[in-house]
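Below are the chains, spelled out letter by letter.
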There are 2 protein chains.
Amino acid sequence: MDESLPEAATTAPAAAPAPAPQKGTVTQRAIDRIKAMIGEGRLEPGARLPTERDLAAQLGISRSSMREAIRALTVLGVLEARHGSGIYVTQLEAGDLLETFGVVADLSRGPRLVELLEVRRILESTATALAAARITADQLAEVEKHLTAMNATDDPEEILSHDLAFHRVIAGAAGNETMAAILDGLSSRTFRARVWRGYQEEGAFERTRREHAAIHRALVAHDPEAARAAAAAHVGEVEEWLRSQIQP
Amino acid sequence: MDESLPEAATTAPAAAPAPAPQKGTVTQRAIDRIKAMIGEGRLEPGARLPTERDLAAQLGISRSSMREAIRALTVLGVLEARHGSGIYVTQLEAGDLLETFGVVADLSRGPRLVELLEVRRILESTATALAAARITADQLAEVEKHLTAMNATDDPEEILSHDLAFHRVIAGAAGNETMAAILDGLSSRTFRARVWRGYQEEGAFERTRREHAAIHRALVAHDPEAARAAAAAHVGEVEEWLRSQIQP
DNA sequence: CCACTCAGGTGGTCGGACCACTACGCGCAA
DNA sequence: TTGCGCGTAGTGGTCCGACCACCTGAGTGG
């Protein structure tokens with residue numbers, strides 16, 4: 001008490017040899033630690049992590065902070081928490097990690113939407129070209145299933161659903177799961193619903209139908225260049241329409 | 001509009017006998033609520049949110065749960081928390097939202113790395129082609145700056161740094177911020193460091209140098225097709241090397 | 001042998017407390 | 001009046017302890 005300005009250099013327990021520079025928040029450090037564990041292979045995909053309580057004790061933080069870190073990695077698709085069972089590392093496949101891509105599409109607006117469609121046009125055209133060269137008979141049959149189903153109804157919801165599946169099968173046939181996952185996020189339901197609502201009101205149904213038919217023909221003919229052109233035109237149509245809507 | 005699982009929803013295996021008013025966890029609902037508020041425009045980019053305590057009270061949940069929701073949206077690049085000041089919506093620009101893309105690159109392994117490089121090759125070649133047509137004198141000067149700096153040193157760290165900047169400027173010159181942000185995530189430091197460590201050990205320095213020079217020439221000549229070919233070859237070289245490493 | 005029960009462990013939620021930091025305004029001095 | 005400091009109220013950051021909801025698996029009884 002009487003000490004006015006003590007140096008207090010005695011018995012300093014602090015001290016770990018490495019002063020452990022307080023980088024960001026405690027939670028952020030926990031996120032990085034866990035991410036590092038996975039990156040270094042100390043946690044295999046599908047592995048089960050220690051309990052929240054143990055993890056918190058290991059890193060010397062509270063369970064609350066650890067829970068925030070886990071929640072963060074959960075929304076990123078890195079971890080998966082099963083109530084009553086434990087916390088597990090996901091398979092770290094493209095679909096798991098790229099699920100967040102949908103958030104980008106959902107929250108983008110104005111010019112950013114056009115940019116997203118441009119990216120989709122580039123990837124989708126290439127994916128369709130690859131699919132034309134590699135697609136199997138089974139996959140082709142599935143494509144046709146969605147194509148006919150799409151043309152057999154007038155319910156916009158159902159059309160949209162089969163439209164998504166149509167492109168998803170094609171992307172899958174391209175043989176690049178990562179690309180397929182990105183395209184999936186780029187075509188998230190809410191994203192397309194927002195854009196297509198206006199697009200289809202302009203009587204674009206028939207045009208869309210023709211474009212899908214063109215893509216299908218190219219796939220049947222195993223003609224990559226035709227497939228690339230058809231897919232690029234397909235997405236490009238929507239892209240141009242959206243561009244005109246934003247900048248009238 | 002609840003969960004969107006890839007599996008079809010045709011069969012009802014006695015599941016969900018009750019209407020199940022409780023969607024997911026409380027925290028997940030909070031995440032969706034805030035996301036919806038932003039999506040509907042009730043929260044403009046840059047806007048300040050109510051305090052954690054108020055938000056929790058509004059949604060009728062505890063502050064702990066609300067904090068987890070906020071943390072989740074923070075790592076997704078949607079929100080930004082400033083200690084002592086408040087919680088703010090980000091500008092929701094491509095860079096903010098696509099920062100998580102780096103996580104994907106960092107955690108991918110084996111065949112997935114090749115797929116990521118394939119996506120990068122497709123986007124980078126197109127971006128470089130667009131840049132060849134649109135690049136300004138100032139941007140070209142910056143490209144040259146990084147090119148010479150890259151060739152003037154032997155420090156791998158510095159080379160990698162200028163290499164990243166080199167491609168970043170080109171992607172920016174393409175005029176599509178979203179594509180540039182994706183390419184940025186696809187080339188995150190740790191990702192490239194991991195791949196390049198091995199690649200450059202095989203004496204690929206000289207080849208890389210020639211490829212960069214070729215890209216630069218195409219940009220100077222404003223020749224999109226040459227730029228596309230040069231960029232595709234550049235990434236393709238690494239892609240092929242990596243493919244051979246994984247499947248010897 | 002099977003089906004059922006139930007207890008333990010796990011993640012999920014809650015409320016409160018305190019700390020670290022920021023922002024703003026009051027009051028003092030020039 | 002003007003400017004600058006300092007104090008304070010308010011914010012996010014962290015921690016704790018308790019309880020709830022759910023899953024799992026060992027034990028039990030048929």
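Residues numbered from 1 in each chain as written. Chains lettered and ligands numbered in written order. Predicted model: local features only at pLDDT ≥ 70, side-chain atom pairs only at ≥ 80, totals over all residues. Heavy atoms only, no water.

## Observations concerning the protein's contact with DNA strand C
DNA strand C sits among 26 residues. The nearest are Arg 63 and Arg 67 of chain A together with Val 26, Ser 62 and His 83 of chain B. Among the atoms of DNA strand C close to the protein, meaning within 4 Å, 59% are from sugar or phosphate groups. In the environment of DNA strand C, a phosphate oxygen lies 3.1 Å from a nitrogen or oxygen atom belonging to the backbone of Ser 62 of chain B. Every element with two or more residues in the surface near DNA strand C is listed here: helix 2 (52-59), helix 3 (63-75), strand 1 (79-82) and strand 2 (86-89) of chain A together with helix 1 (26-39) and helix 3 (63-75) of chain B. Taken together, the residues of the surface near DNA strand C sort by class into five nonpolar, twelve polar and nine charged. (Near = heavy atom within 4 Å. Polar contact = N/O pair within 3.5 Å; in protein donor to acceptor, adjacent residues only side chain to side chain. Helix = DSSP H or I, 4+ residues; strand = E, 2+ residues; numbered from the N terminus. Nonpolar A, V, L, I, M, F, W, Y, C, P; charged D, E, K, R; others polar.)

## Quick notes on the protein's contact with DNA strand D
Lining the immediate surroundings of DNA strand D are 26 residues, of which Val 26, Ser 64 and His 83 of chain A together with Arg 63 and Arg 67 of chain B lie closest. Restricting attention to atoms of DNA strand D within 4 Å of the protein, one finds that 60% of them are sugar or phosphate atoms. Contact between DNA strand D and Val 26 of chain A: a phosphate oxygen at 2.4 Å from a main-chain N or O atom of the residue. For DNA strand D, a base nitrogen lies 2.9 Å from a polar atom in the side chain of His 83 of chain A. For the surface near DNA strand D, the elements supplying multiple residues, two or more each, are helix 1 (26-39) and helix 3 of chain A together with helix 2 (52-59), helix 3, strand 1 (79-82) and strand 2 (86-89) of chain B.

## What to know about the domain arrangement of chain A
Here chain A is described as being made up of domain 1 (26-92) and domain 2 (98-246). Look at where the C-alpha atoms of domain 1 of chain A and domain 2 of chain A centre, and you get two points 36 Å apart. (Domains from an automatic or database assignment.)

## A word on the relation of the copies chain A and chain B
Aligned on chain B, chain A shows an RMSD of 0.1 Å; the corresponding rotation is 180 degrees and the shift along the axis is 0.0 Å. Taken together, the rotation angle and the small translation identify this as a two-fold axis. Take the interface residues of chain A: 98% of them recur as interface residues in chain B, which is what a same-surface contact looks like. (Least-squares fit on C-alpha atoms with pLDDT ≥ 70 in both. Contact = heavy atoms within 4.5 Å.)

## Things to note about the packing of aromatic side chains
Residues and elements named next belong to chain A. This model, assessed by the stated rule, comprises five aromatic pairs over all chains. Taking the centre distance of 5.8 Å and the plane angle of 75 degrees together, the rings of Trp 196 and Tyr 199 count as edge-to-face. With Trp 196 and Tyr 199 both in helix 10 (residues 189-201) and three residues apart, this pair spans about one turn of that helix. A relative accessible area of 6% means that Trp 196 is categorised as buried. Three or more aromatic residues link up through ring pairs in this structure, and these residues are Trp 196, Tyr 199 and Trp 241. Above the face of the Tyr 88 ring, Arg 82 is positioned so that its terminal group lies 3.8 Å from the ring centre. (Phe/Tyr/Trp six-rings, centres within 6.5 Å; stacked < 30°, edge-to-face > 60°. Buried < 20%, exposed > 50% of the residue type's maximum accessible area, 1.4 Å probe, protein only. Lys NZ or Arg CZ within 6 Å of the ring centre and 35° of its normal.)

## Remarks on the interface of chain A and chain B
When the parts of a complex come together, some accessible area is lost, and that lost area is often taken as the interface size. Facing the 42 residues of chain A at the interface are 41 residues of chain B. Buried area between chain A and chain B, summed over both chains or domains, comes out near 3700 Å², and the portion from carbon and sulfur atoms is 65%. When the area that chain A buries against chain B is broken down by residue, the three leading residues are Glu 68, Arg 71 and Leu 107 of chain A, summing to 18%. Scanning the region where chain A abuts chain B turns up 15 residue pairs in polar contact (both at pLDDT 80 or more). Considering each element in turn, the side of chain A that touches chain B owes the most residues, nine residues, to helix 6 (residues 111-134) of chain A. (Buried area = accessible area lost by both parts, 1.4 Å probe.)

## Focus: the pattern of salt bridges
For the structure on display, the rule yields 32 salt bridges over all chains. For the salt bridge of Arg 67 of chain A with Glu 52 of chain A, the shortest nitrogen-to-oxygen distance reads 2.6 Å. With Arg 67 of chain A in helix 3 and Glu 52 of chain A in helix 2, the pair connects residues that are 15 residues apart, well separated along the chain. Arg 67 of chain A gets classed as partly exposed once you look at its relative accessible area, which sits at 27%. Overall, the relative accessible area of 13% leaves Glu 52 of chain A in the buried class. Among the charged side chains, a salt-bridge network with shared partners connects Glu 52, Arg 63, Arg 67 and Arg 71 of chain A together with Glu 68 of chain B. (Salt bridge = Lys/Arg side-chain N within 4 Å of Asp/Glu carboxyl O.)

## Focus: the confidence of the model for chain A
For chain A, mean pLDDT is 89; residues scoring 70 or higher make up 91% of the total. With pLDDT under 50 throughout, residues 1-20 of chain A is counted as low confidence; its partners more than four residues away or in other chains account for zero contacts. (pLDDT = per-residue confidence, 0-100.)

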